[in-house]
Amino acid sequence: MKLTDKEQEMLAGKAGPAVKWAMEHQLQVGRMFDAEDMVTVSQAHMMADPESLGESGVQFTEKIAEDGARVCIPMITDPRGVDLAWYEPLGQTEQMADLERRFIAACQTMGIMMTNTCINYQTIMPPVFGDHVAFGDTGVVIYSNSVCGARSNFEGGPSALAAGLTGRTPRYGLHLDEKRQATKRYVVSSNPQDLMEWGVLGATIGRMSGSYWEVPVIEGIEEAPTSDQLKHFGAAMASYGSTPLFHIVGITPECRKLTDVGGKMLNPTPVTEEMLDVLKQPFTAIGDPLDVVVFAAPQLSLVEMAELANLCDGRQRAETTDVLVCTSAQVYSDAVSMGYVKQIENFGGRVLVGTCFYQQYAREIGEANGWTRLLSNSAKIVNIVGGYGYQPALGTMQACVASAEKGVILS
Amino acid sequence: MTIKLTCHAGIGPKVEGIALVADDNFSARYDLDRIKGVFSRPQHKLFGQSYKDVILVLNTAKGGVATAWMLYEMTSRLVAPKAILLNQANTILVQGAALANMAMVDRFDKGDVTKLIETGDHLVVDPQAGQVDVNSLNR
């Protein structure tokens, strides 16, 4: 790879051992993907929950911080794994909380802003068209690439940290024009309305698309979806397909026309109602006793919090069914002042701040609370938690609230 | 009989071991019980099987970014595969392999690696050379 004089100095250790590690890491990754050089990035966003990090990952981060590392661009964080204001009742241990505290301290030493959110594009500073960034969290990346027109690969925690330290990332994948052209073409015949249905559509396309290196272009979406709808659409697509970018003809900024992304040459694949039903079928469990309802993945926006609070108002969850809601600190404070948190709590729900359910030691908290049957309106979360020992089911937000009230899955 | 497969140059040290193969995708978060060292997702084709010290041969990645940290965490506890061979890696798997110093290669010249290698084959993986030697008792 061609390196500038400044990058050569970083590699030689002139900016300290942490930056030297970061450059070495980035060169390893860049070479595997045939990157020719580095590209400067304006922001970094790091996913790092303590379950993923473990003791070794926390020690690694502490060592980087002790080596004098300081980020040189704005760097923010994905949801935490422990809500330090409420973890014992969730069945999380002091050891888990301590890992979290140590990681936070190391990040703060390096100048990282602990935003703890996977909806930074709704709440912090959305990237702009053409903006090269180094974002973690697949939902963040796919939204930023597709809806904002920014340019990011999936940057795992170590690589996002490296980008924060060097201010650049290897120029490969979605930083290149040619990798952003469509490779698969899908035609949608009906437009979803509910967030869950948007997630199912995204999941269906992601599963068919099937690889990080495929770029779906979608025809047939007639009206501009909302930010929350595209949030669930993209997060589910990324979850099922490892997909980092989609185009919607006439909607997303790089695809005013099908020809803008090379879509005319691709054979169209219809996305049928039957395909959507096939995706939903494994997550159908009408009549089953319900252990926990989860609203998360991605964290809820203020608009989702308002909708949920409205549904919860004047009702009460069943004693046998817990209700968890994950949102960001930025949304939470507004949701408190507007009364939404109170309405959800009066229903018997618990709002967790700066976390996301599947990143919170999902296996351990499930065992601690006796949760097996889980219901959510997130197509992403039901795809994830099966490996953690849950039997996940999928329903609309309305169905989730009604099911929590009755203690059984209603639809 | 030894078959030599060539692939794109990869990451990590030269290793040898026994193959565990499936035409399926991979995520450390979605698919594994990392404490027990087994595939725990019921829908995965390797459900219930141990991944410790084997060479995983799979199609591509699925899902999220957690695997980048998790490969490092798994390696630190010595409950990890020796190497991962893929038809096509995604960025997260490569980033994780780089941090964990785990052998990883992809893009095989002769096509679908999950068809070229069988479970139980003895493999020698040389990421820098972009070469995998396959010793099979069945061929």
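Computed from a prediction, not measured in an experiment: that's the story for all the values here. (Residues numbered from 1 in each chain as written. Chains lettered and ligands numbered in written order. Predicted model: local features only at pLDDT ≥ 70, side-chain atom pairs only at ≥ 80, totals over all residues. Heavy atoms only, no water.)

Chemist: Sorry, what's going on with the overall build of chain B here?
Modeler: Scanning chain B for helices and strands turns up four helices and nine strands. The order of α-helices and β-strands along chain B, N terminus first, is β-β-α-β-β-β-α-β-α-β-α-β-β. Against the 2.2 N^0.38 benchmark of 14 Å for 139 residues, chain B shows a C-alpha radius of gyration of 13 Å, consistent with a compact globule. Structurally, chain B occupies a C-alpha span of about 35 × 25 × 25 Å along its principal axes. Residues classed as buried in chain B amount to 63% of the 139 residues present. Considering only residue pairs separated by 6 or more positions, chain B has 69% of its internal contacts joining residues 24 or more positions apart. Within the structure as shown, chain B displays about 5,000 Å² of accessible surface, and the carbon and sulfur contribution to it stands at 52%. (Helix = DSSP H or I, 4+ residues; strand = E, 2+ residues; numbered from the N terminus. Rg over C-alpha atoms; globule rule 2.2 N^0.38 Å. Buried < 20%, exposed > 50% of the residue type's maximum accessible area, 1.4 Å probe, protein only. Contact = heavy atoms within 4.5 Å. Areas by Shrake-Rupley, 256 points an atom, 1.4 Å probe, with all protein chains shown as cover.)

Chemist: How should the pairing of strand β2 (residues 15-21) of chain B be read in this particular structure?
Modeler: Every regular strand shows the same layout, with side chains that alternate between the two sheet faces. All names here are of chain B. With respect to burial, β2 is a largely interior element, five of its seven residues being buried. Of the pairings in the sheet, the one linking β2 to strand β8 (residues 122-126) comprises four bridges and is antiparallel in character. In the sheet register, V15 faces β8, and the bridge partner there is V125. As judged from the three bridges shared by β2 and strand β5 (residues 55-60), these two strands associate in the parallel manner. Residue pairing across strands places V21 opposite V57, the latter belonging to β5. (Pairing = 2+ DSSP bridges.)

Chemist: Any chance you could explain the packing of helix α2 (residues 17-32) of chain A against helix α3 (residues 91-100) of chain B here in plain terms?
Modeler: Packed helix pairs are characterised by how far apart their axes lie and by the angle those axes make with each other. The geometry of α2 of chain A relative to α3 of chain B is characterised by a closest axis approach of 10 Å and an angle of 135° between their N-to-C directions. Comparing the axis directions of α2 of chain A and α3 of chain B gives the class oblique. In this structure, α2 of chain A meets α3 of chain B at a crossing whose hand is right-handed. The segment α2 of chain A lies against α3 of chain B, with W21, H25, Q28, V29 and M32 of chain A engaging V94, Q95, A98 and L99 of chain B. Looking at the contact of α2 of chain A with α3 of chain B residue by residue, the class counts come to six nonpolar, three polar and no charged. (Axes fitted to C-alpha atoms, helices over the stretch in contact; angles between N-to-C directions. Parallel < 35°, antiparallel > 145°, perpendicular 65-115°, else oblique. Left-handed = near helix turned anticlockwise from the far one by under 90°. Nonpolar A, V, L, I, M, F, W, Y, C, P; charged D, E, K, R; others polar.)

Chemist: Any chance you could explain the interface of chain A and chain B here in plain terms?
Modeler: Think of interface size as the accessible area that goes away when the parts come together; that is how it is often given. Taken together, the 46 residues of chain A in the interface contact 38 residues of chain B. Contact between chain A and chain B buries roughly 3,300 Å² in total, counting both sides, with carbon and sulfur atoms accounting for 58%. One can count five salt bridges joining chain A with chain B. Linking R363 of chain A and D33 of chain B is a salt bridge whose minimum nitrogen-to-oxygen distance equals 3.8 Å. Of all the elements in the fold, those that place two or more residues in the side of chain A that touches chain B are α2, α3 (50-66), α7 (157-166), α9 (227-241) and α15 (379-384) of chain A. At eight residues, the largest contribution of residues to the side of chain A that touches chain B is made by α3 of chain A. Residue classes in the side of chain A that touches chain B are distributed as 18 nonpolar, 21 polar and seven charged. (Buried area = accessible area lost by both parts, 1.4 Å probe. Salt bridge = Lys/Arg side-chain N within 4 Å of Asp/Glu carboxyl O.)

Chemist: I tried to follow the pattern of salt bridges on my own but got confused; where do I start?
Modeler: When charged atoms on two side chains of opposite charge get close, those side chains can pair. Throughout the structure, instances matching the rule amount to 31 salt bridges over all chains. When the shortest N-O distance is used, the salt bridge between R107 of chain B and D34 of chain A registers 3.7 Å. Placement of R107 of chain B in strand β7 (residues 103-108) and of D34 of chain A in the loop between α2 and β1 (38-40) is noted, with the two residues assigned to different chains. A salt bridge links K62 of chain B to D31 of chain B, with the nearest nitrogen and oxygen atoms 2.9 Å apart. Taken together, the positions of K62 of chain B in the loop between β5 and α2 (67-76) and D31 of chain B in helix α1 (residues 28-31) put the pair 31 residues apart, joining distant regions of the chain. The same class applies to K62 of chain B and to D31 of chain B, which are both buried.

Chemist: Looking at this model, I keep getting lost on the packing of aromatic side chains. Mind explaining?
Modeler: Here a ring pair, both rings aromatic, is described through the centre-centre distance and the interplanar angle of the planes. Residues and elements named next belong to chain A. For the coordinates displayed, the defined rule picks out 14 aromatic pairs over all chains. Measuring from ring centre to ring centre gives 5.0 Å for F233 and F246, while their planes differ by 85°; the resulting arrangement is edge-to-face. One end of the pair, F233, is in helix α9; the other, F246, is in the loop between α9 and β8 (247-248), and 13 residues separate them in sequence. Of the two residues, F233 and F246, neither departs from the other in class, the shared state being buried. For the pair F357 and W371, a centre-to-centre distance of 6.2 Å together with 45° between the ring planes defines the contact as tilted. Of this pair, F357 sits in the loop between β12 (349-353) and α14 (362-369) while W371 sits in the loop between α14 and β13 (373-376); the two residues are 14 residues apart in sequence, bridging distant segments of the chain. (Phe/Tyr/Trp six-rings, centres within 6.5 Å; stacked < 30°, edge-to-face > 60°.)

Chemist: How should the sheet that holds strand β7 (residues 216-219) of chain A be read in this particular structure?
Modeler: Across a sheet, paired strands are connected by hydrogen bonds in the backbone, their directions being either parallel or antiparallel. All names here are of chain A. With respect to topology, four strands assemble into an open sheet ordered β8-β7-β6-β9, the strand pairing being parallel. Looking along the sheet, the strands with just one partner apiece sit at the ends: β8 and β9 (268-271). Bridging between β7 and β8 involves two bridges; their strand directions are parallel. Across the sheet, I218 pairs through a bridge with I248, a residue of β8. Across the sheet, helix α8 (residues 195-209) lies against β6 (184-188), β7 and β9, angled at about 150° from β6, the strand it touches most.

Chemist: Would you mind going over the environment of I344 of chain A with me for this structure?
Modeler: Residues and elements named next belong to chain A. Secondary-structure assignment places I344 in helix α13 (residues 340-347). For the pair I344 and A306, spaced 38 residues apart in sequence, the C-alpha separation works out to 9.6 Å. With residues up to four places along the chain from it excluded, the contact list for I344 reads M305, L308, A309, C312, V325, G349 and V351.

Chemist: Just to check I follow, could you spell out unusual backbone geometry for this structure?
Modeler: The general pattern is negative phi for most residues beyond glycine and trans for most peptide bonds. A cis amide bond links A297 of chain A to the next residue, P298 of chain A, at an omega of 0°. The backbone of D34 of chain A shows a phi angle near 60°, a positive value even though the residue is not glycine. Residue D34 of chain A is classed as partly exposed on the basis of its relative accessible area of 47%. Phi is positive for L78 of chain B, close to 60°, though the residue is something other than glycine. With respect to the helices and strands, L78 of chain B occurs in the loop between α2 and β6 (83-88). Of the residues examined, L78 of chain B reaches a relative accessible area of 62% and is grouped as exposed.

Chemist: What is the right way to look at the sheet that holds β13 of chain A in this model?
Modeler: Residues and elements named next belong to chain A. If you trace the five strands from one edge of the open sheet to the other, you get β12-β11-β10-β13-β14, paired in parallel fashion. Every interior strand has two partners, whereas the edge strands, β12 and β14 (391-394), have only one. Sheet twist, expressed as the mean angle between neighbouring strand axes with direction ignored, is 25°. Looking at chain direction, strand β10 (residues 292-300) and strand β11 (residues 322-327) are connected through five bridges and run parallel.

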